[in-house]
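Notes for the structure review
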Amino acid sequence: MSSDGTFTYDGGKVRQGERQNVRYGISETYLGDPVRIPVTIINGERSGPRIFLSAAAHGDELNGIEVVREVAHEWDLSELAGTLVCLPVLNVPGFLAQQRYLPIYDRDLNRSFPGHEDSTSARRMAARIFENFIKPCDYGLDFHTSTRGRTNMLHVRADMSDTDVARLARAFGSNVIIDSEGSSGMLRTEAAAVGVPTVTIEMGEAHRFQRGLIDEALRGVESVFAEYGFRESSAVRWPGWRTVIDDGNEKTWIRADAGGIVDMHADRGSLVEEGERICTLTDPFKSDNVAVEAPFTGLLVGVLENPVVYPGNPLCHLVELEPSVQAVVERVQSGDTAPVTSL
């Protein structure tokens with residue numbers, strides 16, 4: 001960003017008060033045709049933070065695409081104080097093939113950041129994206145879904161030991177924050193490493209738009225904008241209750257001990273009691289039913305959607321809650337709509 005508020009990238013610039021829709025080249029196909037990602041840059045007339053919204057680093061994760069598109073093209077951004085960089089489809093080759101990874105040696109774009117211009121195809125793509133549109137920003141929201149065959153309740157993943165990242169995570173206003181450093185090569189990890197606090201938002205499942213989750217995520221974006229004075233009409237969101245889960249110590253993936261067909265009895269976001277049946281594993285003849293019970297009372301952050309498993313496949317992601325949080329969740333899920341102002 002220049003001193004006069006102009007947002008500059010390799011090949012162009014967006015002055016204050018301007019908007020650009022760009023198809024930006026990050027690679028080439030086998031035929032030498034350009035691989036371009038869609039980018040919308042809105043530079044407000046007033047100075048303020050630079051925020052990026054990104055989605056579809058995994059090409060089959062679609063919910064975030066609609067979140068980013070709606071913010072860029074349906075919201076009133078006329079009084080924006082700062083610059084908004086919208087990247088609705090990072091992994092264009094994967095998106096076109098409707099698969100998670102780049103269909104070029106099956107590489108994971110979200111393990112390739114910050115990239116390198118003299119390395120693999122994935123890292124070259126990542127470098128073009130990172131240097132031009134991520135690194136110039138001050139904050140970032142990166143939208144994902146669960147992998148194929150599973151679904152997640154909306155939650156944030158963030159390194160809560162970084163105070164700037166923690167502020168951003170809390171500003172989004174989700175009920176659940178999973179505290180983890182993230183892996184090397186992740187967009188959120190590498191962005192934070194160069195001074196751009198970034199969080200991952202997980203929401204729903206691959207290969208579809210889920211309107212309820214999209215609307216919930218849009219409320220989170222609006223809350224972040226309010227937190228940083230990006231959009232005056234917004235208000236910081238309190239979700240009613242919140243729990244921060246230590247990724248290393250407090251989460252439990254319950255896995256199948258036998259292969260078979262799964263009948264789920266609880267949905268994502270449900271509170272299940274210790275000993276409650278979460279699902280049943282059966283064989284094709286329904287002659288060998290195996291009950292899978294909750295080892296403790298907790299919240300189902302993610303559950304299986306594809307009803308067939310091998311031994312060792314994950315069935316659900318169960319997290320334990322603090323007693324005070326559990327009491328509020330029980331009350332909310334029982335239908336009590338009285339507001340909770342703090343926790």
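The coordinates are above.
The present account deals with the structure reproduced in this document. (Residues numbered from 1 in each chain as written. Predicted model: local features only at pLDDT ≥ 70, side-chain atom pairs only at ≥ 80, totals over all residues. Heavy atoms only, no water.)

Some words on the overall build of the chain
Secondary structure assignment for the chain yields 7 helices and 19 strands. Its C-alpha atoms give the chain a radius of gyration of 21 Å, near enough to 20 Å, the size a compact globule of 343 residues would have. With respect to the three principal axes, the spread of C-alpha positions in the chain is 65 × 55 × 35 Å. Across the 343 residues of the chain, 53% fall into the buried class. Within the chain, residue pairs in contact and separated by at least 24 positions form 67% of the contacts whose partners lie at least 6 positions apart. Split by element, the accessible area of the chain, about 15,400 Å² in all, is 44% carbon and sulfur. Charge-centre separation for the chain: the mean point of 33 positive side chains lies 5 Å from the mean point of 50 negative side chains. (Helix = DSSP H or I, 4+ residues; strand = E, 2+ residues; numbered from the N terminus. Rg over C-alpha atoms; globule rule 2.2 N^0.38 Å. Buried < 20%, exposed > 50% of the residue type's maximum accessible area, 1.4 Å probe, protein only. Contact = heavy atoms within 4.5 Å. Areas by Shrake-Rupley, 256 points an atom, 1.4 Å probe, with all protein chains shown as cover. Lys, Arg positive; Asp, Glu negative; His and termini not counted. Charge placed at Lys NZ, Arg CZ, Asp CG, Glu CD.)

Here we look at the side chain of Q326
In this fold, Q326 is placed in helix α7 (residues 323-333). Q326 gets classed as buried once you look at its relative accessible area, which sits at 19%. In contact with Q326, not counting residues within four places along its chain, are L271, T297 and L321.

A look at the environment of A57
Here A57 shows up in the loop between β5 (46-55) and α1 (63-74). As a C-alpha pair, A57 and S184 span 127 residues in sequence and 15 Å in three-dimensional space. If we ignore the near neighbours within four places in the chain, the residues touching A57 are L90, N91, R100, L109, N110 and H144.

Re the nonpolar core
Judged by nonpolar contacts, the single largest core of 74 residues is most densely connected at L53, L84, L141, F143, F172 and V221. When neighbours within four sequence positions are excluded, L84 is seen to be in contact with T40, I41, I42, I51, L53, V71, L77, F225 and F230. Within the second largest apolar cluster, 18 residues are counted, among which are L281, F296, L300 and V309. (Core = buried A, V, L, I, M, F, W, Y, C linked by side-chain atoms within 4.5 Å.)

Note that every value here comes from positions in space, so none of it alone points to a role or purpose.
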